[in-house]
Amino acid sequence: SALLYFVLNDFASVDPMYQFSLDSYVDLFVTSIENSRDRDRGGGGGGGGSDELAERIAAINTFHTYEVYKYTCRGLFER
C-alpha cells in the first residue's frame, strides 16, 4: 500500500495538477479494508491461522490495488 501511495505522489512531478493527499489515500485504504470483507469468500468466523491471514491480506491487496486504479483514473480523466 505504501508503494501505491508513493507512485500516486510521484504524479505531482509530471504535473502539479495531479496531487493526491495522504488523508484521501488513508480514507481509500480504510474503505478498501472494510469493503474487501464483503468480497472475501471466507465470510468471517473461523479460528484464525496463518492460511486465513494470508488469504485476508491477499484479498485486501487485490481489492485495494483495483480501488487505487479506479481512484487514479477518475482523478486523471475528470476535469
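Reading the values: rules and limits
- Residues numbered from 1 in each chain as written.
- Predicted model: local features only at pLDDT ≥ 70, side-chain atom pairs only at ≥ 80, totals over all residues.
- Heavy atoms only, no water.
- Helix = DSSP H or I, 4+ residues; strand = E, 2+ residues; numbered from the N terminus.
- Buried < 20%, exposed > 50% of the residue type's maximum accessible area, 1.4 Å probe, protein only.
- Contact = heavy atoms within 4.5 Å.
- Areas by Shrake-Rupley, 256 points an atom, 1.4 Å probe, with all protein chains shown as cover.
- Salt bridge = Lys/Arg side-chain N within 4 Å of Asp/Glu carboxyl O.
- Phe/Tyr/Trp six-rings, centres within 6.5 Å; stacked < 30°, edge-to-face > 60°.
- Patch = residues over 30% accessible without salt bridge, like charges linked within 9 Å, V, L, I, M, F, W, Y side chains within 5 Å.

Chemist: Any chance you could break down the overall build of the chain for me, citing the residues and the numbers?
Modeler: Scanning the chain for helices and strands turns up three helices and zero strands. Starting at the N terminus and walking to the C terminus, you meet the elements of the chain as α-α-α. Within the chain, the proportion of its 79 residues that are buried is 20%. Taking contacts inside the chain between residues at least 6 apart in sequence as the whole, the part at least 24 apart equals 60%. Summed over all atoms, the accessible surface of the chain reaches about 6000 Å², with 55% contributed by carbon and sulfur.

Chemist: Kindly report on the pattern of salt bridges, identifying the contributing residues and their values.
Modeler: Counted according to the given criterion, the structure contains one salt bridge. For K70, the salt bridge goes to E67, with nearest N and O atoms at 3.0 Å. Here K70 and its partner E67 are both found in helix 3 (residues 50-77), three residues apart, which amounts to about one turn of the helix.

Chemist: So, the packing of aromatic side chains: which residues are in play, and what are the values?
Modeler: Counted under the stated rule, the structure contains five aromatic pairs. Ring geometry for Y66 and Y69: centres 6.2 Å apart, planes at 25°, overall stacked. With Y66 and Y69 both in helix 3 and three residues apart, the pair spans about one turn of that helix.

Chemist: Requested: an account of the side chain of S32, with residues and values cited.
Modeler: Within the element layout of this structure, S32 appears in helix 2 (residues 22-39). When its relative accessible area of 1% is taken as the criterion, S32 is described as buried. Apart from the residues lying within four places of it in its own chain, the contact partners of S32 are F63, H64 and E67.

Chemist: Any chance you could break down the side chain of T72 for me, citing the residues and the numbers?
Modeler: As for its placement among the helices and strands, T72 is situated in helix 3. Other than its neighbours up to four places away in sequence, T72 contacts L8, F11 and F20.

Chemist: Describe a nonpolar patch on the surface, naming the residues involved and giving the relevant values.
Modeler: A cluster of nonpolar side chains, L22, V26 and V30, forms an exposed patch at the surface whose accessible area comes to about 230 Å². Its place among the elements puts V30 in helix 2. When its relative accessible area of 38% is taken as the criterion, V30 is described as partly exposed.

Honestly, it's all geometry; don't read function into it.
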